[in-house]
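# Reading the structure
In case you want the letters, here they are:
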Protein chains: 4
Amino acid sequence: MCRFIAYIGPPILASDLLYAPKFSLITAQTMNAAEMSVTVNGDGFGIGWYNPSLDNEPCVFRSIKPAWSDQNLRNLARKVHSPCVFAHVRAASPGITVEEVNSHPFACGELMFMHNGVLGGFKQLRRKMLRLMNDTAYDAIQGSTDSEHMFGLFLNHIEDPYGTVTCEELVYAIGKMFDDLNVLLIENDIRQHSYLNIAVTNGTCMVAVRYTTNPNVQPASLYYMHGKEYHCRGESCVMEPAYGKPSSIVLASEPFTSRRSDWMKVERNSMMIVDETMRISFKHVEMDLEKIDFESITPEIG
Amino acid sequence: MCRFIAYIGPPILASDLLYAPKFSLITAQTMNAAEMSVTVNGDGFGIGWYNPSLDNEPCVFRSIKPAWSDQNLRNLARKVHSPCVFAHVRAASPGITVEEVNSHPFACGELMFMHNGVLGGFKQLRRKMLRLMNDTAYDAIQGSTDSEHMFGLFLNHIEDPYGTVTCEELVYAIGKMFDDLNVLLIENDIRQHSYLNIAVTNGTCMVAVRYTTNPNVQPASLYYMHGKEYHCRGESCVMEPAYGKPSSIVLASEPFTSRRSDWMKVERNSMMIVDETMRISFKHVEMDLEKIDFESITPEIG
Amino acid sequence: MCRFIAYIGPPILASDLLYAPKFSLITAQTMNAAEMSVTVNGDGFGIGWYNPSLDNEPCVFRSIKPAWSDQNLRNLARKVHSPCVFAHVRAASPGITVEEVNSHPFACGELMFMHNGVLGGFKQLRRKMLRLMNDTAYDAIQGSTDSEHMFGLFLNHIEDPYGTVTCEELVYAIGKMFDDLNVLLIENDIRQHSYLNIAVTNGTCMVAVRYTTNPNVQPASLYYMHGKEYHCRGESCVMEPAYGKPSSIVLASEPFTSRRSDWMKVERNSMMIVDETMRISFKHVEMDLEKIDFESITPEIG
Amino acid sequence: MCRFIAYIGPPILASDLLYAPKFSLITAQTMNAAEMSVTVNGDGFGIGWYNPSLDNEPCVFRSIKPAWSDQNLRNLARKVHSPCVFAHVRAASPGITVEEVNSHPFACGELMFMHNGVLGGFKQLRRKMLRLMNDTAYDAIQGSTDSEHMFGLFLNHIEDPYGTVTCEELVYAIGKMFDDLNVLLIENDIRQHSYLNIAVTNGTCMVAVRYTTNPNVQPASLYYMHGKEYHCRGESCVMEPAYGKPSSIVLASEPFTSRRSDWMKVERNSMMIVDETMRISFKHVEMDLEKIDFESITPEIG
């Protein structure tokens, strides 16, 4: 479920990411997401950003309201000027309540995490996931979403979640989180498929995953564009091309600018890593799920 | 904008109206309204009902949350057992805030009122509408919607809005409200079209209107069904036919039961009157708008 | 923390309990609780009631808003006419979020539960409490309060929480819940004191506890009055005396009617049982806490 | 009603104003305002600030929740670093709803406005106030508070509320607003007293008023401190003295730092003007109310 955007690069105004583009996250994707079967993302939203001139911890603003009508988000987006922004609009999974603590991104120390999709069998897995966690990871969980519980598994593999966390540690912990999920899915014989699009950042680098356990369908969509600089003139937002290494990267569940050629797909079941120097690399993500006899019915994912 | 349902007949459980049917107001029409260009109705909701064994004033519960995720609405709907129920899901017009006082139905004394559509030129008309009202009507307005301001004009023609109001008075006041709007549209040369689907009740009778100023398009949809009794078995909800006068009437922006043949359209630009004896009659609603040179662009209505 | 009211007897209007009395829960105790060190109870509220003509499950309406300004509560209270009503205004413990799922009363099947006070050492105990629970009890917990986790321990001792639960079972499960807490406090060497005023009902009988682990202070206040009938004339609300067995009982954190002589204290560390025939009895509640070296500082309780 | 704080000076962290001090606006004054008869300010809050490196318009974040439990406010306050901050906690006047649009500060163009107190006879005056306004001032009003309607009267005397507004214009418009109120009170023979503590800013200068029509009591409290720099070390917040003209000024309904000698009272019925150069001056505010036969009962003000 859900839609998200992540940005890293020179400081930009959040409204250029979230409101200015014609097919923007807030004004279009909340109501008419193009590439999802669930097209309404009205179950709360969140935005998180860094202000490195002050400190290294993100500022997170989350709400249970639909993003499209929230005046506070609109006001803040016009004043948030940041080199690293995460934004998320939620379509709650059935049975999981719409509460402020259930809105993404989730934060802990200097880290932010968000998810789009669904973890198959979460109801059966929840207690087992919690049992795996040390007290620090456990205490960081405030809500009841599958997403935040995966964040807990991720934090469980970070040595000091409240300290400085390197890019390598992010990559490592995401990998271990997938390993944990793999074991849990097998041990509990979870037959529903999972859709796990994820983004995590420490404010200076970013790791994203596009993944599904289902070999018969594509994972939820995930795109990126990179270049020298992202900027808007009215509704016309473009990524200026960079010659050599990019200095600006946008990741999004759906392309939101009109020049579609700017956007590239994150490949199926792969992890995209943007390091502190803005170097982009990819890694394959794999689970060993042969032993599971998945339900043939494809779940409708948001 | 918006979608609504009105019921009058033998006491029923609100959840049979709002949740049980497959294409129900809360679970389907909030996210996928079929007959509107704006398909998401997530800007708050409201429900109002009467409990005649206690008194004649409606009980109204309104919220700014999307109806689909509201646990309180779900709980209440299972316990509200009433002979007269109004329910409304809102898609806010651009520029009008999502606030509890802006959710429908609006209530005053023993009356309830709700609206689906848009009053053309409301921004210019608002002050003029307020100037027409006596203090009682003026003071009854708490919010900032075009809908509630029309309710104010309506109340202005009710002799004692906090006393007992007859069915005839409802019909009369709705007529006068349309006359007032007609004068306002002409005097202020409002060139945008209006879409005015309205329902009003005193708990024992009901008046509804399906209207647009635009001769080139249909008004927003409005349907009704009548019979002996409306009831559900699982998702299968039907209106039992009545031989002779009906004892049960459902009015809805969109049919929500599977037997489509149960549903009839309220005709274009007409008023439907259900009196205390459940007799149904219709009246033509007309404005004299020849002098207005309407914009040719059809506004997108919700 | 918090204040609550419970009623059982002939059907009454909730507003006579909650709004009519001069020193009422909603209008006075939310802002000026008289017998607590924390005098503001503005962190959400809840009301639950039964409508036996429909079914045996309570209807619960909960919110994160302060009760004093909530128009929906005001509207509902004037229309809820019920033989069994629970109402609660919350003062959140530090560190526990104000979310709808954290408002009392908590419901499961035909049961409702509410708490006023604090469980010492909850942060350390939480995981251990969850581990004691079977899946049914575990899944019934939606929020993050000490109160709801105690409800989970309680449900853990009910054979079928979604079936019919007798008064004896309520008494038994409350006793076992105290036993569990006793063991947990000792095993984890929790040195902070607990304040555990609790009320639970199945709609026809009611069990309440007034308890603290602290021998040096009184538990949070808890009063009751009983008689033939509770009724209000304007602000003047009285309990008509009954000759013989009462047919009407009100339990409250604080007396809220002016005739103070109507009110009796529930004794320190005792359980009050009101059975289906309205017979009132009391039982001593005891924990064996000798091994714990409690902090001498008395926590400030709400 | 209500409590507020205004700051102008070198950029500071909002949390140093709102959370750090022992008797802070958010953690203490919301629940235990010391100098008011209404001690709970739980009916919403707002914060507004300027970020001159971006533009001259304030960013406003408002909510209907009690400030004390709002996690978004807590997060934002740690990241807002600004040379001009307004913050307000509300205790709603009876009969005026708690809605986001009713939370202070109110903003228009580059201006912010907030109010603590009550305008006597607002219910009778409302329509007359609205009639005085030009369309720009009228359209700027979104809610239903006496406070925002006074803001409308104020804007009515600003030539271009959406352009650059000088300090002189602020002083002028506040003066004219008081003249308008004077005429309205007399013409409508309003016999209830008014309590009008007000602060307005354009981001570089600030005008505040402490006023009551009641000769028998003091106006609601209003204090200020000035110096070189305001800063906190833990809970210990102080204003460093300035030799010569101050560069930093804090205005507050109640002193919130422990060194009480830092704080001075704004005199009864006077206007405090802090110009762009941080020069402080005072002006007497006077209404001619001899013709009104005020009620002798002193209203309880918040």
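Residues numbered from 1 in each chain as written. Chains lettered and ligands numbered in written order. Predicted model: local features only at pLDDT ≥ 70, side-chain atom pairs only at ≥ 80, totals over all residues. Heavy atoms only, no water.

A few words now on the pattern of salt bridges. Within this structure, the stated rule accounts for 36 salt bridges over all chains. Where A:Asp135 meets C:Arg127, a salt bridge forms, and the shortest distance between an N and an O atom there is 3.0 Å. Of this pair, A:Asp135 sits in helix H5 (residues 135–140) while C:Arg127 is found in helix H4 (residues 122–132), placing the two residues in two different chains. By relative accessible area, which is 52% here, A:Asp135 ends up exposed. (Salt bridge = Lys/Arg side-chain N within 4 Å of Asp/Glu carboxyl O. Helix = DSSP H or I, 4+ residues; strand = E, 2+ residues; numbered from the N terminus. Buried < 20%, exposed > 50% of the residue type's maximum accessible area, 1.4 Å probe, protein only.)

With that settled, the discussion passes to the interface of chain D and chain A. Between chain D and chain A, the contact holds 20 residues from the first and 20 residues from the second. Of the roughly 1600 Å² buried between chain D and chain A on both sides combined, carbon and sulfur atoms contribute 52%. The largest share of the area that chain D buries against chain A comes from D:Leu54, D:Asn72 and D:Lys79, three residues that together contribute 38% of it. Inspection of the region where chain D meets chain A yields 4 salt bridges. A salt bridge links A:Glu100 to D:Lys65; the shortest N-O distance between them is 2.4 Å. Scanning the region where chain D abuts chain A turns up 10 residue pairs in polar contact (both at pLDDT 80 or more). Those elements giving two or more residues to the side of chain D that touches chain A turn out to be strand S3 (59–63) and helix H3 (71–77) of chain D. Each residue belonging to the side of chain D that touches chain A can be placed in one class, and the counts come to 8 nonpolar, 5 polar and 7 charged. (Contact = heavy atoms within 4.5 Å. Buried area = accessible area lost by both parts, 1.4 Å probe. Polar contact = N/O pair within 3.5 Å; in protein donor to acceptor, adjacent residues only side chain to side chain. Nonpolar A, V, L, I, M, F, W, Y, C, P; charged D, E, K, R; others polar.)

This part takes up the sheet that holds S3(D). All names here are of chain D. With antiparallel pairing, 7 strands are arranged side by side in an open sheet as S3-S2-S4-S1-S12-S9-S13. Taken across any chain shown, the strands that pair with only one partner, and hence form the sheet edges, are S3 and strand S13 (264–265). Where strand S1 (residues 3–13) lies against strand S12 (residues 248–252), 4 bridges are found, and the strand directions are antiparallel. Bridge assignment links isoleucine 8 to a residue of S12, and that residue is isoleucine 249. (Pairing = 2+ DSSP bridges.)

To continue, consider the relation of the copies chain D and chain A. Superposing chain D onto chain A requires a rotation of 180 degrees together with a translation of 0.0 Å along the rotation axis, leaving an RMSD of 0.0 Å. Such a combination of rotation and displacement between the chain copies is what one expects of a two-fold axis. Comparing contact sets, 100% of the residues at the interface of chain D also lie at the interface in chain A, consistent with an isologous, same-surface contact. (Least-squares fit on C-alpha atoms with pLDDT ≥ 70 in both.)

Counting from both sides, the interface comprises 15 residues of chain B and, opposite them, 15 residues of chain D. With both chains or domains summed, chain B and chain D bury close to 1300 Å², and 37% of this area falls on carbon and sulfur atoms. Contact with chain D buries area across many residues of chain B, yet B:Glu99, B:Arg127 and B:Tyr138 alone supply 45% of it, more than any other trio. At the junction of chain B and chain D, the tally comes to 4 salt bridges. Between the two partners, chain B and chain D, sit 12 residue pairs in polar contact (both at pLDDT 80 or more). Looking at the side of chain B that touches chain D, the elements with two or more residues in it are helix H4 (122–132) and helix H5 (135–140) of chain B. The greatest single-element share of the side of chain B that touches chain D, amounting to 5 residues, is contributed by H4(B).

What follows concerns the packing of aromatic side chains. The geometry of an aromatic ring pair comes down to the distance between the two centres and the angle between the two planes. All names here are of chain C. Tallied over the full model, the rule gives 38 aromatic pairs over all chains. When the ring of phenylalanine 151 is compared with that of phenylalanine 154, the centres are 6.1 Å apart and the planes differ by 20 degrees; the resulting orientation is stacked. Here phenylalanine 151 pairs with phenylalanine 154, and both are found in helix H6 (residues 146–155), just 3 residues apart, close to one helical turn. Residue class for phenylalanine 151 comes out buried when judged on its relative accessible area of 1%. Classification of phenylalanine 154 by relative accessible area gives buried; the value is 0%. (Phe/Tyr/Trp six-rings, centres within 6.5 Å; stacked < 30°, edge-to-face > 60°.)

With that out of the way, let us pick up the state of the cysteines. Applying the stated criterion across every chain, the model contains 4 disulfides over all chains. The disulfide that involves B:Cys232 links it to B:Cys237, with 2.1 Å between the sulfurs. Measuring the twist about the S-S bond at about 110 degrees, one finds the B:Cys232-B:Cys237 disulfide to be right-handed. Take B:Cys232 and B:Cys237: they sit in the same class, and that class is buried. D:Cys59 carries a free sulfur, and the closest cysteine sulfur to it, the one in A:Cys59, is 10 Å from it. We classify D:Cys59 as buried; its relative accessible area is 1%. (Disulfide = S-S within 2.5 Å.)

Take the relation of the copies chain B and chain D next. For the pair chain B and chain D, the best superposition has an RMSD of 0.0 Å and corresponds to a rotation of 180 degrees with a translation of 0.0 Å parallel to the axis. The residues that chain B uses at the interface reappear at the interface of chain D in 100% of cases, marking a shared surface.

Take the environment of B:Ser69 next. Along the chain, B:Ser69 falls in the loop between strand S3 (59–63) and helix H3 (71–77). On the basis of relative accessible area, B:Ser69 is assigned to the partly exposed category, the value being 26%. Placed 220 residues apart in sequence, B:Ser69 and B:Leu289 show a C-alpha to C-alpha distance of 42 Å. Those residues within four positions of B:Ser69 in sequence are excluded, and the remaining contacts are A:Asp43 and A:Val98.

Distances and angles like these do not, on their own, reveal function.
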